[in-house]
Amino acid sequence: MSELSRGVRLGVDVGQVRVGVSRSDPHGVLATPLVTLARDLTTGPDAVPSDIAELAALVAEHEAVEVVVGLPVNLAGKHGPAAVHAKAYADRLADVIAPVPVALTDERMSTVVASRRLAERGVRGKRQRAVVDQAAAVEILQSWLDAQRRRTR
C-alpha cells in the first residue's frame, strides 16, 4: 500500500445556501475549519458560480493536491436529491480546478455530528449556524483522512 501523498487537501460541505470549507495540514493528519462561502445560485449554465470560483482560488492559494466533497448518502445508503446535487457540484468544481482531483466521500452524519460537537462546546443558535458548515467540512475531511490512513497501514 502506498502512503497518502503529501499536500494540503480541502474538504467541502455543499449546502443549498452555504458551502463549508476545511483544510488539512500538508501531512494529512488534521482537518481545520477554513471558511464558509455563500452559494451562488444566480449564475447561468455557461458561467462559473462565484462560490466555485472562490473555491478554485482557495485551491490555488493553499496549493491543494485534492478536494474532498461530502456526498450526503441517506441512512439507508441511497443517493437522494441532496447526493445528486452534491455530485453535480463536485463535477462542476472538478471541471474548474482540473487537473486537481475531486474525491467524493460519504458524509451521512457530518452536519449532525458537527452540530452536536458545537452544542457540546456551548456554541448555539446563530453562532452555530455561522460555523456549522465549516465544522461539517472538517468532519468530512477528517473522516476521509482517517480512512486513508487506515487503508495505508
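Just above sits the structure.
Described in the following lines is the structure provided in the data block.

On to the pattern of salt bridges, then. One pass over the full model with this rule turns up six salt bridges. We note a salt bridge from Arg 18 to Asp 133, for which the minimum N-O separation is 2.6 Å. Highlighted residues: Arg 18 in strand S2 (residues 18-24) and Asp 133 in helix H4 (residues 125-152), separated in sequence by 115 residues. Since its relative accessible area comes to 31%, Arg 18 is described here as partly exposed. Its salt-bridge partner being Asp 51, residue Arg 39 comes within 3.1 Å of it at the nearest N-O pair. Linking Arg 39 in the loop between strand S3 (31-38) and helix H1 (50-61) with Asp 51 in helix H1, this pair joins segments that are twelve residues apart in sequence. Of the two residues, Arg 39 and Asp 51, both sit in the buried class.

What follows deals with H1. Counted at 1.5 Å a residue, the expected span for H1 with its twelve residues is 16 Å, and the 16 Å between its end C-alpha atoms agrees. On its buried face, H1 sits against strand S1 (9-14), S2, S3, strand S4 (66-71) and helix H2 (81-97). The positive-phi residue at the C-terminal boundary of H1 is Glu 63, with phi of around 50°.

The five strands lie next to each other as S3-S2-S1-S4-S5, forming an open sheet whose pairing is mixed. Strand pairing shows two members of the sheet lacking a second neighbour, S3 and strand S5 (102-106), which therefore form its edges. Neighbouring strand axes in the sheet, compared pairwise and without regard to direction, differ in orientation by 25° on average. Here H1 sits on the sheet in contact with S1, S2, S3 and S4, set at roughly 150° to S3. Packed on one face of the sheet, H2 meets S1, S2, S4 and S5 and runs near 165° to S4.

The subject of this paragraph is the nonpolar core. Residues Val 12, Leu 55 and Val 67 are the most contacted members of the largest nonpolar core, which totals 20 residues. At the level of elements, S1, S2, H1, S4 and H2 are the ones that each hand at least two residues to this core. Looking at this core, the element that brings in the most residues is H1, giving five residues. Not counting the four nearest positions on each side in its chain, Val 12 is found in contact with Val 19, Gly 20, Leu 55, Val 67, Val 68, Val 69, Gly 70, Tyr 89, Ala 137 and Ile 140. Ranked by size, the runner-up nonpolar core spans eight residues in total, among them Val 68, Ile 140, Leu 141 and Leu 145.

Summarising the element assignment, Glu 107 is placed in the loop between S5 and helix H3 (110-120). Judged by its relative accessible area of 8%, Glu 107 is buried. Beyond its immediate chain neighbours, meaning those up to four positions away, Glu 107 contacts Asp 13, Gly 70, Leu 71, Pro 72 and Ile 140.

The end-to-end C-alpha distance of H2, which contains 17 residues, comes to 24 Å, matching closely the 24 Å that a straight helix rising 1.5 Å per residue would cover. Within H2 the residues assigned to the buried category are Ala 83, Ala 86, Tyr 89, Ala 90, Leu 93 and Ile 97. Along the long axis of H2, the arc covered by the buried residues comes to 120°, so they all point the same way. Exposed and facing more than 90 degrees away from the buried side of H2 are Pro 81, Val 84 and Asp 95. In this structure, the buried residues of H2 make contact with S1, S2, H1, S4 and S5.

Conventions we followed
- Residues numbered from 1 in each chain as written.
- Predicted model: local features only at pLDDT ≥ 70, side-chain atom pairs only at ≥ 80, totals over all residues.
- Heavy atoms only, no water.
- Salt bridge = Lys/Arg side-chain N within 4 Å of Asp/Glu carboxyl O.
- Helix = DSSP H or I, 4+ residues; strand = E, 2+ residues; numbered from the N terminus.
- Buried < 20%, exposed > 50% of the residue type's maximum accessible area, 1.4 Å probe, protein only.
- Expected span 1.5 Å × (residues − 1).
- Contact = heavy atoms within 4.5 Å.
- Pairing = 2+ DSSP bridges.
- Axes fitted to C-alpha atoms, helices over the stretch in contact; angles between N-to-C directions.
- Core = buried A, V, L, I, M, F, W, Y, C linked by side-chain atoms within 4.5 Å.
- Arc of directions from axis to C-beta.

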